[in-house]
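If you want the building blocks of each chain, they are given just below.
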Amino acid sequence: MTETSAMPPHMRRVGFDPAPELAAMRDEAGIVRVTSAFGLDAWLVTRYADVREVLGDAERFKIAEQTVGRLPGAPEMTPEQLAKAQAGNLLGADPPKHTRLRRMLTPEFTIRRMQRLEPRIRRIVDDHLDAMEAAGAPADLVQSFALPIPSLVICELLGVPYEDRAGFQLRTSRMLDMSVPGEERLALQFESRAYMEALVRRIQQDPGEELLGMLVREHGDDLSTDELVGIGALLLFAGHETTSNMLALGTLALLRHPEQLELLRKEPERIDAAVEELLRWLSIVNSGTTKVTTTEVELGGRTIPPGELIVCALPAANRDPALLPDADAFDISRGAPGHVAFGHGIHHCLGAPLARMELRIAFPALLERFPGLHEAGAADFRSSHIVYGLSSLAVAW
């Protein structure tokens, strides 16, 4: 499915691929003037080296505060609402605020800490495969596997009741859908915040071993309630929305590239490389945070004055021939070194170790359980969402 022409160029897709015009922008000009998802004029940066430079320099390219906490296409918030929406948002903060928040959270997302979760993640994956097998084919892989697994993992990590998953999954999906009216998306954002506020206040009264409880116990005097709410909301969104779309879209990519699927089946030790290649090739997050230049900069042979908005096109950068030869091809044998699917620099995805672990466990388990896994209907690509993926994927085995 092709993105509508009303979508910003970096959000347009044709199946697994960025829209052809995005590749043309990268190959011809590199940096072009566009209207961003927020309706503001911006420079779209498409080449790998330039994207790395922007994301890696927090001095010359600051977070554009006018976009933090806002949903593209939604009505303006009051100053009070906006302040609450921005509090605790790691993706919307520069140093020293970002440094302070990230320092508190980083110990909970080290590879060593994530490895403690591995046995539980394996049980969650196996439980959902058991349920799929018992229910029989066909099944919607999104609803039966890709969405519930990361949702349950992040719920347990944060301390969010899993029985609340249907509510936050629906709110998140519609908030990210640019075809939904802006007024409704803003209302859903307020609903999501009210939910997290109630949860945080309960945890403040009786902090447990969950991540939010740890933050209350160890940093309760340093973090405001609004910051705790912002941290919880960001991690809940990022912890299920991105990984679930990688699981569904990644499975479809393997099914539609049988030679790659067969290679992974014959040589399961390639799973780490396969995950990295899927992350690069699919690039489900269309862009990093919107930046603003703090001084005149030379970027990609172009002079950009201070005060200009910058948007980085991650799908174009990850398909840049300067990164890899034959970058439009899906090839799990190369491992996609250096991709920017998780961003780069100080805002590199905090949850990347968790996401990688879930993908490394879930893909092999699914393929081993169902050796004859195949499509059983047309895949439904999410053509208007800020995070790319599938709404449904019918499979049989």
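Our structure is the block above this text.
Scoring rules and cut-offs
Residues numbered from 1 in each chain as written. Predicted model: local features only at pLDDT ≥ 70, side-chain atom pairs only at ≥ 80, totals over all residues. Heavy atoms only, no water. Helix = DSSP H or I, 4+ residues; strand = E, 2+ residues; numbered from the N terminus. Expected span 1.5 Å × (residues − 1). Buried < 20%, exposed > 50% of the residue type's maximum accessible area, 1.4 Å probe, protein only. Salt bridge = Lys/Arg side-chain N within 4 Å of Asp/Glu carboxyl O.

A. Representation of helix α11 (residues 225-255). Taking 1.5 Å per residue as the helical rise, α11 with its 31 residues ought to reach 45 Å, and the 45 Å between its terminal C-alpha atoms agrees with that figure. Among the 31 residues of α11, 25 are classified as buried, and the element is accordingly described as predominantly covered.

B. Examining the pattern of salt bridges more closely. Counting across every chain of the model gives 25 salt bridges. Across the pair Asp 57 and Arg 60 runs a salt bridge whose closest N-O atoms are separated by 2.6 Å. In this structure Asp 57 comes out as buried when scored by relative accessible area, which is 19%. Glu 133 is paired through a salt bridge with Arg 369; the nearest N and O atoms lie 3.0 Å apart. Here Glu 133 is found in helix α5 (residues 111-135), whereas its partner Arg 369 is found in helix α15 (residues 352-369), with 236 residues between them in sequence. Taking relative accessible area as the criterion, Arg 369 reaches 23% and is therefore assigned partly exposed.

C. Unusual backbone geometry, seen in detail. Of note, the amide linkage connecting Pro 95 to Pro 96 takes the cis form, showing an omega dihedral of 5°. Considering the arrangement of structural elements, one finds Pro 96 in the loop between α3 (79-86) and α4 (97-105). In this structure, Ser 283 is a non-glycine residue whose phi angle is positive, near 40°. Here Ser 283 is to be found in the loop between α13 (271-282) and β7 (291-293). A positive phi angle is found at Asp 326, which is not glycine, with a value near 50°. Within the secondary structure layout, Asp 326 lies in the loop between α14 (314-318) and α15. Using a relative accessible area of 57% as the deciding quantity, one classes Asp 326 as exposed.

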